[in-house]
Structure formats: structure tokens, C-alpha cells
Amino acid sequence: MTVKDVFELRKQGKTEEAYEAIRPMYAAHKGKYTTLCMFWTASDILRKRIKETHYEESGKIMTAMLRILPAIEDTDGKAHSAVLNLAVKLADAHPAFSILDFMVTFGAENLSDNDWRTSQSSAAAEHSTQAETTPSPTDNRHNVVRLSTAQRILTRCFHEIKKHPDADHALKAMPLLQEAMRRNPRSKNNLRYMASTYRLMGDTDKAVAIYRQLLQRHRDSYLFAELAELTDEPGKKAALLCQAIQNQRQEKFRSPYRLALAHLLAGRDDAKAAHEMRIWLDNRRKNHYRIPSEHQALYDKLSHTTPTTEAQQRMFYRKMAEKYPV
């Protein structure tokens, strides 16, 4: 069998057969076309293995593809793009796959301008590919902006850092984040990631400064909540949590803010704490979520306290925002 025959198998959709055929050929001779064929059959089999949830093998194939990539004459950049897109796919499918380690090996400096380029397309097309998108400023209904490949990778890096919040993991993402900041220094997400990095490095003041900068332009509830996590002074922390609640329309997303506010207010103003705790618990029960023992204990402690009314609590939110402006 020749390399041409393997490419023909691949063309016919015989993924397994093509992969098994090229492996001994590549092991014996790493010529230009053998290497190219090995790469693309590995790409096919990796997609298949991810779909089959064979994640351990998927990780090994990805490692092999990274080794092969520099040896390919990739003039059109298709092999380069294939590796990056498969890394995103594997990161989404397999929690144990480290996109941070992948980027350490791949190198942020090897990302191209095209990897950082966003594109606009119809909402229907984006929906069909389940691509990550943001609304276009020109037409929210029909056009969307697809996040660049590099930005998608950066997002997943910080998902991983959220699971492992330490300086070592943050340092791995730093080259990619620095390049993202160079290219788009006003990006809300890039600034959040930089704030998170400063926090993990122990430079809380710089993280706080970034959040204050962001809140001059954006009123997203999570920005208030994330700044509250960096704030030690109880009054300011409560004010930020109040604004997080006010700026979030969906109750399911308000729940963590209500819970944090209830714990903060307990012993200081039990009536207001009871208001937040009652709504939080009702939402948990309605959705059949587990009630952690420490939160149940707080609810039980406040159960004999008459909660404030909704109107009283809204007034409290407004007063706190006025007393502690961002």
C-alpha cells in the first residue's frame, strides 16, 4: 500500500483503515508525504476518538500531532488551525485535558494573526455549528461575531485556572494573556483574566483597580460579585453584592450573590439576611438542588427572624449603592 492509497481510504471515509495503514509506514519512513498523511489521518482519528469518549487515547494522539506539526509544509496554515481547533474540542470534551499544558507546548508566540481574527456571519450559520459568539454591534438579530480561535483557547485556559486557582497555573497562561492584552487591551474578558491573574499572584490592589475600571463601562452582575470577593470591608462588600443582585435579572444567577450577602449580614442585620436566605432556599428547593449543611444551618438560625419585605430590601440595595459608590 502506498501513501496515495491511504489518502484514498481517507477520502472514502475509512478513518480506522487509513490510520492503521499509515502508522507502520510513518514509523519506517518519515518522508514529506508520509508525514503529511500521518498528520491528517491522526486528525481524523482524533475527532472520532473524542466522539467515542476515548479520552486517554485522544490525549496521546494530540501529543503526537504536536510533534508532527513542525515537520509539515503547512503553507496554507490548515494543519496549524486543525491542531488548535482539535485542542479546543478536546478541552471541552475531557476535563482532564490541560489546555494550559497544550499552550505551553504549542507556544503563544506561534499563534498567527488569523488565529486572533474574529469573523461575522449569520446567526443561523453560527447556531448550526454551535460556535461561540457575541452579538454584533451592528445587528443583534442577524449578525454575530465569532470569537477568534486564540480567544476561545484563552477562555478555556481560565476555566482551567478557576479549577486550579494558584500562581503556577496562572503563570502558564501569562504569555497568551499578554498577547491578548496587546491586541485588545479594552476587552472586558481579557481585563477580567488579567485581574484574576493579579489576584492569584497576590497583587490584590491591581486586580481591584481593573474591576473599578471595568465597572466604569460595564454593569454586569458578575463584575460586582468578583470585586466583592476582593473586598474585605463589610459595608463595601455588601454594597457590591447588592448591586450584583440588582444587575442580574435571572433569579438562578442571583442565588450565589444572595447567599454571600446573607452570610455577610447574619449577626449584623438578621432581618435582611433572612430575606436573602429565604429566597435562596426557595430557589434551591424549587430546582431540587442539594442544600449544603452550613447553609441550612444559617437558614435555621434565621428562621425565627421576620424577613424584610421586598420593598424594604430594594430600598436597602439603593442606599448601599449610594453610600458606597464604585
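Residues numbered from 1 in each chain as written. Predicted model: local features only at pLDDT ≥ 70, side-chain atom pairs only at ≥ 80, totals over all residues. Heavy atoms only, no water.

A.B. asks: Give me the lowdown on the overall build of the protein chain, citing residues and values where you can.
C.D. replies: Assigned secondary structure in the protein chain consists of 17 helices and three strands. For 326 residues, the compact-globule estimate of 2.2 N^0.38 gives 20 Å, and the protein chain exceeds it by more than 25% at 25 Å. Across its three principal axes, the protein chain shows a C-alpha extent of roughly 80 × 40 × 40 Å. In the protein chain, buried positions account for 44% of the 326 residues. Nonlocal contacts in the protein chain, meaning residues at least 24 apart in sequence, comprise 54% of its contacts between residues at least 6 apart. Accessible area for the protein chain stands at about 18100 Å²; split by element, carbon and sulfur atoms hold 50% of it. (Helix = DSSP H or I, 4+ residues; strand = E, 2+ residues; numbered from the N terminus. Rg over C-alpha atoms; globule rule 2.2 N^0.38 Å. Buried < 20%, exposed > 50% of the residue type's maximum accessible area, 1.4 Å probe, protein only. Contact = heavy atoms within 4.5 Å. Areas by Shrake-Rupley, 256 points an atom, 1.4 Å probe, with all protein chains shown as cover.)

A.B. asks: How would you summarise the side chain of R254 if you had to cite specific residues and measurements?
C.D. replies: On the secondary structure map, R254 appears in helix α14 (residues 251–265). For R254, the side chain forms a polar contact with the main-chain oxygen of I245, separated by 3.1 Å. Apart from the residues within four sequence positions on either side, R254 is in contact with I245, Q248 and R249. (Polar contact = N/O pair within 3.5 Å; in protein donor to acceptor, adjacent residues only side chain to side chain.)

A.B. asks: Describe the packing of aromatic side chains, and please don't skip the residues or the numbers.
C.D. replies: Inspection of every chain in the model, using the stated rule, returns five aromatic pairs. For the pair F97 and F102, a centre-to-centre distance of 6.4 Å together with 50° between the ring planes defines the contact as tilted. An identical accessibility class is assigned to F97 and F102; each is buried. Considering the side-chain rings of F102 and F106, the 5.7 Å spacing of their centres and the 20° angle between planes classify their relative orientation as stacked. With F102 and F106 both in helix α6 (residues 99–106), this residue pair falls four residues apart, about one helical turn. Exposure remark for F102: the relative accessible area of 3% places this residue in the buried category. Among the aromatic side chains, those forming a connected cluster through ring pairs are F97, F102 and F106. A cation over an aromatic ring shows up here: K30 above the ring of Y26, its NZ or CZ 4.7 Å from the ring centre. (Phe/Tyr/Trp six-rings, centres within 6.5 Å; stacked < 30°, edge-to-face > 60°. Lys NZ or Arg CZ within 6 Å of the ring centre and 35° of its normal.)

A.B. asks: Outline helix α12 (residues 221–229), listing residues and values.
C.D. replies: Within α12, seven of the nine residues are buried, leaving the element largely enclosed by the surrounding structure. Considered for burial, the residues of α12 that qualify are S221, L223, F224, A225, E226, L227 and A228. Turning to α12, the residues buried within the fold contact α10 (188–200), α11 (204–215), α13 (234–246) and α14.

A.B. asks: Go over the layout of surface pockets with me, naming the residues and quoting the values.
C.D. replies: The calculated volume of the largest pocket comes to roughly 980 Å³. Around the largest pocket, the lining is made up of 34 residues, and of these K162, R192, Y211, E226 and E229 lie nearest the centre. Of all elements in the fold, only α8 (149–163), α10, α12, α13 and α14 reach the threshold of two or more residues within the lining of the largest pocket. Residue contributions to the lining of the largest pocket peak at seven residues, all from α10. Here the lining of the largest pocket is composed, by residue class, of 17 nonpolar, seven polar and ten charged. (1 Å grid on protein atoms, 1.4 Å probe; cavity = no way out; pocket = protein on both sides within 12 Å on 5 of 7 lines; lining within 4 Å. Points joined across faces, edges and corners; volume = space filled by probe spheres on them. Nonpolar A, V, L, I, M, F, W, Y, C, P; charged D, E, K, R; others polar.)

A.B. asks: I'd like to hear about the confidence of the model for the protein chain, residue by residue, with values.
C.D. replies: Summary statistics for the protein chain give a mean pLDDT of 92 and a share of 92% for residues scoring 70 or more. Within the protein chain, the element-level pLDDT minimum falls on helix α7 (residues 123–129), averaging 36, and the maximum on α13, averaging 98. Low pLDDT, under 50, characterises residues 121–131; the stretch is placed with 15 contacts to residues that sit more than four places away or in other chains. (pLDDT = per-residue confidence, 0-100.)

A.B. asks: Can you break down the side chain of Q151 residue by residue, with the values?
C.D. replies: As for its placement among the helices and strands, Q151 is situated in helix α8. Note on Q151: relative accessible area 12%, which makes it buried. Excluding residues within four positions of it along the chain, Q151 makes contact with W116, N190 and Y193.

A.B. asks: Which residues make up α14, and what values go with them?
C.D. replies: An ideal rise of 1.5 Å per residue puts 21 Å on 15 residues; α14 measures up with 20 Å between its terminal C-alpha atoms. Those residues of α14 not exposed but buried are R254, S255, Y257, R258, L259, L261, A262, L264 and L265. Turning to α14, the residues buried within the fold contact α12, α13, α15 (270–286), α16 (293–302) and α17 (310–323). G267 sits one or two residues past α14 and shows a positive phi near 90°. (Expected span 1.5 Å × (residues − 1).)

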